[in-house]
Amino acid sequence: GVFSINNNIYIVGGILKNFALSNANETYDILTGTWSQKASMPANRSRFGYFTIGEKGYVVGGILDNGEITNSVISYDPTTNSWTTKSNLPIKMITDAVSDGTYGYVFGGVDENENIVPNGYIYNSTSDTWETTTNKPIPTRGHALINVGNDIYLIGGIDALEETVSNVEVYNITTKTFSNKARITTPRSYLGLFEKAGKIYAVGGLDKNWYSLNVNEKFDIEKNEWETDIPMNYARSSLNIAQVGSK
């Protein structure tokens, strides 16, 4: 998982090259161009959702060392370099998450029985509580989420039939309703997203045959159109993106 807080990028947890899970917390200082070690997560964890609210990073659900799918939620505070346990997700999930800067949002994923689920939840960091919201219309795993203005875009993923999809679903934060936008040109899962100047860039991911991609396609929000952009130098999937300013 990746957090961008002030001028630092925090990379936490994940799977090592020997397939062991990690609880590491490594930080890249953008101003000095240096890496440092920070307080590790309390337990090794992978495939979790993550988001930032204020100057704290949150880790949501995922898989632990024993293979258990968890609903635990923890928060990292760079000021104290410490982790704090928060209120659990309502169900145990491998999930994806995003924040609008005030609340955290979870949509879809895989439950403890390895079923793809549509569940939608909102996290209030002030009261440390979760509330149920509108379910994702098409349950998927491996989709990507990004917040732009008053909307959350959910792009791609794998559905309950194990088909890689090109869906673009948009959740409106005010009305708590979903709408559909133009489908992404290349169906894929486990992709990365970032936004710049009114365009959402969808990079990398896995195609329907589970091959990693170097594809870069951008979505014009105003025009509701996709077009191809400069591909990445290398094919990548399950990538995490930290956006700092315009980069």
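Up top is the structure.
Residues numbered from 1 in each chain as written. Predicted model: local features only at pLDDT ≥ 70, side-chain atom pairs only at ≥ 80, totals over all residues. Heavy atoms only, no water.

## Quick look at the overall build of the protein chain
Helix and strand counts for the protein chain come out as zero helices and 23 strands. For a compact globule of 247 residues, the expected C-alpha radius of gyration is about 18 Å, and the protein chain comes in at 17 Å, within 12% of that figure. Principal-axis analysis of the C-alpha atoms gives the protein chain an extent of 45 × 40 × 40 Å. Counting every position in the protein chain, which comprises 247 residues, the buried fraction comes to 47%. Across the protein chain, contacts joining residues at least 24 apart in sequence account for 42% of those joining residues at least 6 apart. Carbon and sulfur atoms make up 47% of the accessible area of the protein chain, which totals about 12,000 Å². (Helix = DSSP H or I, 4+ residues; strand = E, 2+ residues; numbered from the N terminus. Rg over C-alpha atoms; globule rule 2.2 N^0.38 Å. Buried < 20%, exposed > 50% of the residue type's maximum accessible area, 1.4 Å probe, protein only. Contact = heavy atoms within 4.5 Å. Areas by Shrake-Rupley, 256 points an atom, 1.4 Å probe, with all protein chains shown as cover.)

## Focus on the side chain of T95
Residue position: T95 is located in strand β10 (residues 93–99). By relative accessible area, T95 is classed as buried at 3%. The contacts of T95, once residues within four sequence positions are left out, are R47, F48, G49, V60, L89, V106, F107, G108 and G109.

## Brief notes about the pattern of salt bridges
Inspection of every chain in the model, using the stated rule, returns seven salt bridges. Taking the shortest distance from any N to any O, the salt bridge between R188 and E217 comes out at 2.9 Å. Of this pair, R188 sits in the loop between β19 (177–180) and β20 (192–196) while E217 is found in strand β22 (residues 216–220), placing the two residues 29 residues apart along the sequence. Considered together, R188 and E217 belong to a single accessibility category, that of buried residues. As a salt-bridge pair, K218 and D229 come within 3.3 Å of each other at their nearest N and O atoms. One end of the pair, K218, is in strand β22; the other, D229, is in the segment after β23 (225–228), with 11 residues separating them in the sequence. Overall, the relative accessible area of 21% leaves D229 in the partly exposed class. (Salt bridge = Lys/Arg side-chain N within 4 Å of Asp/Glu carboxyl O.)

## What about the nonpolar core?
Formed by 14 residues in total, the largest nonpolar core has its most connected members in Y153, I155, I184, L191, L193, I200 and W226. Mapped onto this core, the elements with two or more residues apiece are β15 (144–148), β16 (151–155), β18 (168–172) and β21 (199–203). Sort the elements by how many residues they give to this core and β15 lands first, with three residues. Setting aside residues no more than four positions away along its own chain, Y153 makes contact with A144, L145, I146, V148, V168, E169, V170, K181, I200, F219 and I221. Of all hydrophobic cores here, the second largest spans 13 residues; its members include V73, L89, V106 and Y121. (Core = buried A, V, L, I, M, F, W, Y, C linked by side-chain atoms within 4.5 Å.)

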